[in-house]
Amino acid sequence: MAGRINDDDVKAVRDAVPIDSVVSEYLQLRNAGGGNLKGLCPFHDEKSPSFQVSPGKGLFHCFGCQEGGDTIAFVMKIDHLSFSETVERLAAKAGITLRYEEGGYNPSHQRGERIRLIEAHQAAAEFYVRALESPEAEIGRKFLAERGFDQDAAAHFRVGYSPAGWDHLTRYLRGKGFSDKELITSGLSQDGRRGPIDRFRGRLMWPISDTAGEIVGFGARKLRDDDNGPKYLNTPETPIYKKSQVLYGIDLAKKDIAKASRAVVVEGYTDVMACHLAGVTTAIATCGTAFGNDHIKILRRLLMDNGSARVIFTFDGDSAGQKAALRAFEDDQKFAAETYIAIAPDGMDPCDLRLAKGDDSVRDLVEPRTPLFEFALRQIVGRYDLETPAGRAAALDEAAAVVAKIKTSSVQREVAVQLAGFVGILDQEFVVHRVAQLARWARDKGGDTAERGGRRGGAPGLRGGAQQQPAPAPGFSGPALNLRSPAHRTERELLKLALQKPALVSPAFDAYGLDEFTAPPYASVRRCIEEAGGAEQGLADNREYLVAVMDAAPDNTVRSLVTELAVEVFIGKTIDETYAGMQLVHVRLRAVDRRINDVQGSLARLGSHVAPQDLAAAQNEVWVLQQYAQSLRAHGAAAL
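What you see is a predicted model; the values in this text were computed from it and never measured.

Q: Is there a simple way to think about the overall build of the chain in this case?
A: The number of helices and strands found in the chain is 28 helices and 16 strands. The buried share among the 640 residues of the chain stands at 50%. For the chain, the share of sequence-separated contacts (at least 6 apart) that also reach a separation of at least 24 residues comes to 67%. When the accessible surface of the chain is split by element, carbon and sulfur atoms take 49% of a total near 29200 Å².

Q: Any chance you could explain the sheet that holds strand 4 (residues 59–62) here in plain terms?
A: Through backbone hydrogen bonds, the strands of a sheet pair up, either in parallel or in antiparallel fashion. One open sheet accounts for five strands, arranged 1-2-3-4-5; its pairing is antiparallel. For this open sheet the edge positions go to strand 1 (30–33) and strand 5 (68–70), each flanked by a neighbour on one side alone. On average, each strand axis in the sheet is inclined to that of its neighbour by 25°, with strand direction left out of account. Sheet analysis places strand 1 next to strand 2 (residues 36–39), joined by three bridges and oriented antiparallel. Within strand 2, the position partnered with N31 by the bridge is L37. Sheet strands touched by helix 26 (residues 556–567): strand 2, strand 3 (51–54), strand 4 and strand 5. Its angle to strand 4, the strand with the most contacts, is close to 105°.

Q: Can you help me understand the packing of helix 12 (residues 269–277) against helix 15 (residues 350–357) in this one?
A: Helix-helix packing is described using two parameters, namely the angle between the two axes and the distance between the axes. Orientation of helix 12 relative to helix 15, taken along the N-to-C sense of each, is 45°, at an axis distance of 7 Å. Between helix 12 and helix 15, the crossing angle belongs to the class labelled oblique. Of the residues in helix 15, those in contact with T270, D271, A274, C275 and L277 of helix 12 are P350, C351 and R354.

Q: Sorry, what's going on with the nonpolar core here?
A: Inside soluble globular proteins, nonpolar side chains tend to come together where they are buried. In terms of nonpolar packing, the biggest core is built from 44 residues, with L144, V159, L204, W206 and Y248 touching the most fellow members. It is helix 12 that provides the largest number of residues to this core, a total of five residues. Sequence-distant contacts of V159, defined by excluding residues within four places in its chain, comprise V129, L132, L144, A154, L204, M205, W206, P207 and M273.

Q: Mind showing me how you'd approach the side chain of R221 here?
A: Mapped onto the elements of the fold, R221 is located in strand 10 (residues 215–222). The buried charged residue R221 lacks any salt bridge, with D225 as its nearest oppositely charged partner at 8.0 Å.

Q: How do you make sense of the packing of aromatic side chains when you look at a structure like this?
A: Both the distance between ring centres and the angle between the ring planes are used here to describe each pair of aromatic rings. Within the structure shown, the criterion is met by 16 aromatic pairs. Summarising the aromatic geometry, the rings of F127 and Y172 are spaced 5.0 Å apart at their centres and angled 35° between planes, so their arrangement reads as tilted. Taken together, the residues F127 in helix 6 (residues 113–131) and Y172 in helix 9 (residues 168–175) connect sequence positions 45 residues apart. Residue F127 is classed as buried on the basis of its relative accessible area, which comes to 13%. Classification of Y172 by relative accessible area gives partly exposed; the value is 21%. Members of the aromatic cluster, connected to one another through ring pairs, are Y26, F43, F51, F60 and F74. Positioned above the aromatic ring of Y512 is the side chain of R588, whose terminal nitrogen or guanidinium carbon lies 4.1 Å from the ring centre.

Basis of the calculations
- Residue indices begin from 1 for each chain and proceed along its sequence in written order.
- Local features in this predicted model are restricted to residues whose pLDDT is 70 or higher, and side-chain atom pairs enter the listing and the counts only when it is 80 or higher, whereas totals over whole chains, interfaces and linings include all residues.
- With hydrogens and water set aside, each side-chain value is computed from the structure's full complement of heavy atoms.
- What counts as a helix is a DSSP run of H or I of at least four residues, what counts as a strand is a run of E of at least two, and both are numbered from the N terminus.
- Relative accessible area decides the class of each residue, using a 1.4 Å probe on protein chains only: under 20% of the type maximum gives buried, over 50% gives exposed, and in between gives partly exposed.
- Residue contacts follow a heavy-atom distance rule, with two residues in contact if any of their heavy atoms lie within 4.5 Å.
- We get accessible surface area from the Shrake-Rupley algorithm with a probe of 1.4 Å; when it comes to residues, only the shown protein chains can shield them.
- Strand pairing requires that DSSP identify at least two bridges connecting the strands.
- Here an angle of 0 to 180 degrees is reported between the N-to-C directions of two axes, which are lines fitted to C-alpha atoms, with helices fitted over the stretch in contact.
- Put simply, angles under 35 degrees are roughly parallel, angles over 145 are roughly antiparallel, angles from 65 to 115 are roughly perpendicular, and the rest are oblique.
- What we call a nonpolar core is a set of buried Ala, Val, Leu, Ile, Met, Phe, Trp, Tyr and Cys residues that are connected through their side-chain atoms within 4.5 Å.
- For the charge count, each Lys or Arg is scored as positive and each Asp or Glu as negative, with His and the chain ends excluded.
- Whenever Lys or Arg places a side-chain nitrogen within 4 Å of a carboxyl oxygen from Asp or Glu, that contact is recorded as a salt bridge.
- Between the rings of Phe, Tyr and Trp (Trp by its six-membered ring), a pair exists once the centres lie within 6.5 Å; its type follows the angle of the planes, with under 30 degrees stacked, over 60 edge-to-face, and the other angles tilted.
- The criterion for a charge sitting over a ring is simple: Lys NZ or Arg CZ within 6 Å of the ring centre, and within 35 degrees of the ring normal.

That's the geometry; what it means functionally is another story.
Here it is as structure tokens:
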């Protein structure tokens, strides 16, 4: 059984790895003001960034889906890791040696499954790279050379070679301490008649990395005629490799994709190499599967879906390539980016084009020319005889059904007008009407209402800031938050101050009771702060204080609200002692006024039935409270 990681080591890991550097491995972040950063949330689909990161506090929060937490929580969520696996990975990144409190540290038994599988792939990649230098691998080096890739290119992309024997890699990894079960689970080995054997044998090997740069699988190219397997053989689905969720070259291309707001989608490993070597460093490829929804999500987070973003698909000019383009067009609207298609002359792929005509031709190929929708519609229309009325009608019916799927009405109309020209129908309004009619029929059949509500450049849900707070999650009892209510708005500001700038409200805040917060969600956060030792704890170490507050949360709903309040910007422009004092006074004053009303209301209901001593005590309490309220109104925070 794995030992518990020492608490001081967990704190050291949390402090050593900046949250913005970790999050930036998965999505593009931009300045959000107030020291925060923003990007498209990796945990739900959106078109406007509602995901915020606070580097100073080490926290993230999405105002759309309410996910939030620290660096460890982010990695756990995005990579589906356990707490210990996450700490181990971040510790390795920071160069921190972890201590375990039960039974010491045994790497072969106490590493999480994902980390063990990643380590096995890293070891395999190193083995394959060395094997490429062997005499047996001459056929692989020749394959690369014939395609214009020298030794430096192979090294840059970590291309390797898998020996043709049955179990060379398996025996090597066993010697590194990996168990047979781990080798089978990783997909690097497979069951043989006498135990595990190598899955890849006698092939050229490309390591496939995830967005964070960790090797999760391999693509293997056949080299010999006596190899009866497929031309390309990829790692099977494993706990760390999902072919629909990986893009070859994304680890090398992600920074330039984010910087240039542009991505080039090619079809193969050698095409990615050719593009990068030609200076097109935003090229990536799918791994044995069609470009789909999960790939789109990866790119959108890097592109930020701004108005200048471009995605260029380079498909072969054959029928398979045309089908791939049509499939891509079906998903086109999931980008706010403009999508284009590039087909090289004579149907050459980027690798062939670079060999035949040089680097300049590859760079020229991927300059945006033909919008993807135009290519897709021309492919549909081209299958019909447009010289006849029946042919034009049939072409219109098929193409109009595709255009009707465009959800932005202005874009749908624009494309419908262009479709009229493709088909040769002079009455553009007839085509526009036909497309709109098909779109209405599709909606009436019960299409996805969430998608129908979406628009390019906009998305449902909270978009940052207290002005649009949704109703609380079911974990809270009591009335929903209403930020048109001055009381709720002020309570929210005060909690944000207590979490983000505790020095401005401490020690006064720690004397506030739970009943001074009228919104049940805010009372829950106040209780968390109290259980964490009060806002005064934030004066020494704000990060540890926030961690303690989150740890005190009874469930994920409250924890999410804590992170939300810890990163949300303030309503006021100048956040100083005066501003903090105003929030403290307003919350206290409303609590005092509520108590006065409660006591007076009770007296009114009881009337003459109240005992004389109880009446005197109640009247005295009201008088004291009224004097306190008057002092608060006159002297502000000084009267607290």
